[in-house]
Amino acid sequence: MAELGHDVVGLDVDAAKVAMLAAGQAPFHEAGLPELLNKHVAAGRLRFTTDAAQIRQAQIFFIGVGTPQLPGRLGADMSYVDDAVATVLANSNATAEQPALIAGKSTVPVGTAQRIAETCNASGKHLLVAWNPEFLREGHAVHDTLHPDRLVYGLPEDEAQGRQAKALLDECYASVLAEGTPLVVANYPTAELVKVAANSFLATKISFINAMAELCDATDGDVTRLAEAIGYDERIGSKFLQAGIGFGGGCLPKDIRAFMARAGELGVDEALTFLREVDAINLRRRDHAVSLTESALGGSLVGRKIAVLGITFKPDTDDLRDSPALDIASRLRERGAELAVIDPAAGAELRRRRPELAVPDTVTDALQDADAVLLLTPWREYLSLDPVALRPLVRQPIIIDGRNVLDPHQWSDAGWTYYGMGRGVSVW
Ligand code: UDX
């Protein structure tokens, strides 16, 4: 927002994060973000605080707090959103002549914006509400925010309020709209549903190709060729058809579960029964990776040394939330294997959170005397590893490519036994 030309105050309850951000340091790994933080903190256009009084003058209050999965339930924890709204209500200086806008960014159960709008209307506080979901991908957050592929506004049904809310958002996104970014204007429930529908579709696409991987495993087919071939059909498209150990992260898994929970509350759970299957296929990928490793090692993992390359839920982030790689590594260890895990971004965090996992500094150290090597997160630096040079390091040349990103022939030719995910052995 500062890069788009606005004066921004970031309010959070986490004093340690606020202190880091105020010093121009990003509390997580995201390419391009430290540069932007430094630039705008130094220019005074961007401030961070735990003091809610600092937000009084704001014209727009973006709410971007988490909505994590409730422990032991499918639904989302809405307490952070509700606390943020209460903070805005208690602090906004908005007047009838100059109303302010709450613009929701968090991914929420459909019906939330209406509930918040009713609270605001009842408060007599001159606060409008819009829902303005974001679609950024971790690892591409800066680009996706400055150049989104679409903007979505969920506006109040009251026409006058809707016009005022739209004008504030249009002003805020003026430079993005000037680039020709498509804008979809809708009511609250549509805007809320757009976000979960998009993530459900992406999750479904990944589970679809992983289901095809199961079929390929049963028939010696090659899911990478299959994905390539169906991807040439423009109606299908080639993106998000990478079969492997499945999706993870802070969004896709919990969003499809919260969506199912909300559908149940709305009495339309049948409409989303398929998402249960999407989730089940996804979790089965992790079981498959564990049993494949076990059978590649002759049936037992006890005392076997396993090197894991990549532990984050995807490359270019240090995010370990619901990481399939971390889940698989943990399960292999529970079954008696000795793990050496390496990751370009999450090594330090992993050492702190999982002291039981060895986290060496180099790929060479990780592979030393390994009985099997698992590539679980396709970081760029692991795609170009040289199987010939690595061969002498390991005790047994077994490579399990959890993301189907290595060249099976190159690894086989170097003396390795290669296992992909639904990638039958073929000369083609
Ligand atoms: C996702 C959505 O893409 C984004 O639009 C939304 O705003 C937030 O949620 P993100 O969580 O950053 O973004 O990750 P994404 O790039 O979607 O990947 C999710 C998971 O799917 C990762 O674990 C990734 O490895 C996996 N994946 C992705 C596959 O297994 N196969 C694929 O073909 C693509």
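Residues numbered from 1 in each chain as written. Predicted model: local features only at pLDDT ≥ 70, side-chain atom pairs only at ≥ 80, totals over all residues. Heavy atoms only, no water.

### Here's the deal with the packing of aromatic side chains
Consideration 1: Summed over the entire model, instances satisfying the criterion amount to three aromatic pairs.
Consideration 2: Ring pairs connect the aromatic residues Phe 62, Tyr 153 and Tyr 173, which therefore count as one cluster.
Consideration 3: Here Arg 150 stacks its cationic end above the ring of Phe 135, 3.6 Å away from the centre of that ring. (Phe/Tyr/Trp six-rings, centres within 6.5 Å; stacked < 30°, edge-to-face > 60°. Lys NZ or Arg CZ within 6 Å of the ring centre and 35° of its normal.)

### Digging into helix α8 (residues 188-219)
Consideration 1: Over its 32 residues, α8 extends 47 Å from the first C-alpha to the last, a length consistent with the 46 Å expected when each residue adds 1.5 Å.
Consideration 2: Backbone geometry just downstream of α8 places Asp 220 in the positive-phi region, at approximately 65°. (Helix = DSSP H or I, 4+ residues; strand = E, 2+ residues; numbered from the N terminus. Expected span 1.5 Å × (residues − 1).)

### Here's the deal with the side chain of Thr 293
Consideration 1: Inspection of the secondary structure puts Thr 293 in helix α11 (residues 273-296).
Consideration 2: Judged by relative accessible area, Thr 293 falls into the buried class, the value being 0%.
Consideration 3: A distance of 2.7 Å separates a polar atom in the side chain of Thr 293 from the backbone oxygen of Ala 289.
Consideration 4: Leaving out residues up to four positions away in the same chain, Thr 293 has contacts with Leu 301, Ile 306, Leu 332, Leu 374 and Ile 400. (Buried < 20%, exposed > 50% of the residue type's maximum accessible area, 1.4 Å probe, protein only. Polar contact = N/O pair within 3.5 Å; in protein donor to acceptor, adjacent residues only side chain to side chain. Contact = heavy atoms within 4.5 Å.)

### Here's the deal with the pattern of salt bridges
Consideration 1: Per the stated rule, a full pass over the model turns up 28 salt bridges.
Consideration 2: Where Arg 353 meets Glu 349, a salt bridge forms, and the shortest distance between an N and an O atom there is 3.5 Å. Of the two residues, Arg 353 and Glu 349 both sit in helix α13 (residues 347-353), four residues apart, roughly one turn of that helix.
Consideration 3: Of the charged contacts, one joins Arg 423 and Asp 401 as a salt bridge, the two residues approaching to 3.6 Å between their closest N and O atoms. One end of the pair, Arg 423, is in the segment after β12 (417-419); the other, Asp 401, is in strand β11 (residues 398-401), and 22 residues separate them in sequence.
Consideration 4: Classification of Asp 401 by relative accessible area gives buried; the value is 0%. (Salt bridge = Lys/Arg side-chain N within 4 Å of Asp/Glu carboxyl O.)

### Considerations on the environment of His 6
Consideration 1: Tracing the backbone shows His 6 in the segment before β1 (8-11).
Consideration 2: Under the relative-accessibility criterion, His 6 is labelled partly exposed at 23%.
Consideration 3: C-alpha separation for the pair His 6 and Tyr 173, spaced 167 residues apart in sequence, amounts to 10.0 Å.
Consideration 4: Each residue touching His 6, except ones within four places of it in the same chain, is listed here: Met 1, Arg 45, Glu 171 and Cys 172.
Consideration 5: Of note is the side chain of His 6, whose polar atom sits 2.7 Å from the backbone oxygen of Cys 172.

### With respect to the packing of α8 against helix α10 (residues 252-265)
Consideration 1: Following both chains from N to C, one finds α8 and α10 inclined at 115°, their axes separated by 9 Å at the closest point. α10 is crossed by α8, and the crossing has left-handed handedness. Two secondary-structure elements touch here, α8 through Leu 193, Lys 195, Val 196, Ala 197, Asn 199, Ser 200, Ala 203 and Ile 206 and α10 through Leu 252, Asp 255, Ile 256 and Phe 259.
Consideration 2: Partitioned by chemical class, the residues of the contact of α8 with α10 number eight nonpolar, two polar and two charged. (Axes fitted to C-alpha atoms, helices over the stretch in contact; angles between N-to-C directions. Left-handed = near helix turned anticlockwise from the far one by under 90°. Nonpolar A, V, L, I, M, F, W, Y, C, P; charged D, E, K, R; others polar.)

### Describing the sheet that holds β11
Consideration 1: With parallel pairing, five strands are arranged side by side in an open sheet as β9-β8-β10-β11-β12. Strands with a single pairing partner mark the edges of an open sheet, and in this sheet they are β9 (338-342) and β12. The average angle at which neighbouring strand axes cross in this sheet is 20°, direction not considered.
Consideration 2: Looking at chain direction, strand β10 (residues 372-375) and β11 are connected through three bridges and run parallel. Along β11, the bridge assignment pairs Leu 375 with Asp 401.
Consideration 3: Across the face of the sheet, α11 comes into contact with β8 (305-309), β10, β11 and β12 while running at roughly 165° to β11. (Pairing = 2+ DSSP bridges.)

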